[in-house]
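So you can see what is in the structure, the chains are spelled out below.
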Amino acid sequence: MRRDRVTVREVAAATGVSIATVSRVLNQQGSVAPETRELVERAVSELGLRAPSPRGGTAKPVDGAVYVRCPYVLTDYFGLIVSSIAETLDRHGRQVILNAGEAAAQDAVLSRLPAQRGVGGAILILPPEPAEEVVRLRARRFPFVVVDPRTTLPRDVPSVSAAHHSGARQVTAHLTSLGHTRIGVIGGPREWLAADARLSGHSAALADAGILPDPALTRHVEPTVEQGRRAAAELLSLTPRPTALVAFNDKTALGALHAAADRGLAVPRDLSITGFDDIDLGQATTPQLTTVRQPLQEMGRMAVSLLTRLLDRHQLEALHIELATELVIRGTTSHPR
């Protein structure tokens, strides 16, 4: 029977290095040559097993600053999450090292984090790196939490996200309850976990109403205003055109509002439009946007709570946490004409 824990002796045998060296690598102690450290970490990863726990009783809490990586512009969406993280870490007496901005996406920082002096752990917000890089970081026993994972992560990688599926299901159910049956979808990038979950929630709500999903009514775009405008223009050019559009986020919903105005369509009289996120942008439109509220600040606070427990060497029982979303009905939805 396959075991779920590899011993230090087995790692040493697989790599040809001493048991003491393997122990230092796994426990992030002592001076080990970079090539030796990489050899040991690769062996643990390839064995597909968890690294052994340190011996000698409960380990001491991890000191050091928290590295917050958000390789995006800190708009009202990401800015709310990062601000919440920074404020909560300050209350815990932890310093913050912030890595943010679109240029940061090109920085191969994950592999360097465990060796970065003065850094005790990290919070990674919508990390653009492949899941394999995140798994390698986990194999090095470096404490970190992912906020809003872009792709599916292994069970043992702590993460916090919003309930994308149920949020999308709520907003589409709202539209079907108003009488809409031909609903266009401006979805997010196909490879994003959130985009898949929201499309699944939309399809579930259609099924609840006895409506078959139509692939011709779905577009996948980057979540920007301009991409939302372009996708909405395509959908509104169909015959018959949709009576409602479900947008991936509030930005693409704003693009859809622009596309409707380009065609002289009044919202919500001629077309209903919904968003997702409930950022300030949604309340600056005319009419104000019906959307799904994500608990962005609570996501940041929860990420800090999980990371603090990891840094204090506590056992986590819940590793993947989904926070509830809320449908917010405003002025961009109504009965179809």
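The structure under discussion appears in the preceding block.
What counts and how
Residues numbered from 1 in each chain as written. Predicted model: local features only at pLDDT ≥ 70, side-chain atom pairs only at ≥ 80, totals over all residues. Heavy atoms only, no water. Pairing = 2+ DSSP bridges. Helix = DSSP H or I, 4+ residues; strand = E, 2+ residues; numbered from the N terminus. Axes fitted to C-alpha atoms, helices over the stretch in contact; angles between N-to-C directions. Contact = heavy atoms within 4.5 Å. Phe/Tyr/Trp six-rings, centres within 6.5 Å; stacked < 30°, edge-to-face > 60°. Buried < 20%, exposed > 50% of the residue type's maximum accessible area, 1.4 Å probe, protein only. Lys NZ or Arg CZ within 6 Å of the ring centre and 35° of its normal.

Participant: Which residues make up the sheet that holds strand 7 (residues 218–220), and what values go with them?
Facilitator: Here we have 4 strands laid out as an open sheet, ordered 7-6-8-9, and parallel in their pairing. Whereas interior strands pair on both sides, the edge strands pair on one side only; in this sheet they are strand 7 and strand 9 (272–274). Neighbour-to-neighbour, the strand axes of this sheet turn through a mean angle of 15°, independent of strand direction. Helix 6 (residues 164–178) rests against strand 6 (183–187), strand 8 (244–247) and strand 9 of the sheet, and its axis sits at about 175° to strand 8. Each of strand 6, strand 7 and strand 8 is contacted by helix 7 (residues 193–208), which is oriented at about 165° to strand 6, the strand it contacts most.

Participant: Before we move on, could you go through the packing of aromatic side chains and cite the residues and values that matter?
Facilitator: Enumeration according to the criterion identifies 3 aromatic pairs in this entry. Taking 4.9 Å as the distance between ring centres and 85° as the angle between the ring planes, the aromatic pair formed by Tyr77 and Phe78 counts as edge-to-face. Measuring from ring centre to ring centre gives 6.1 Å for Trp192 and Phe248, while their planes differ by 70°; the resulting arrangement is edge-to-face. Here the residue Trp192 occupies a position in the loop between strand 6 and helix 7, and Phe248 occupies one in the loop between strand 8 and helix 9 (250–262), the gap between them amounting to 56 residues. A relative accessible area of 12% places Trp192 in the buried class. Phe248 sits in the buried class, given a relative accessible area of 8%. Of the aromatic side chains, those joined through ring pairs into one cluster are Tyr72, Tyr77 and Phe78. One residue, Arg198, lies across the ring of Phe276, its end atom 3.8 Å from the ring centre.

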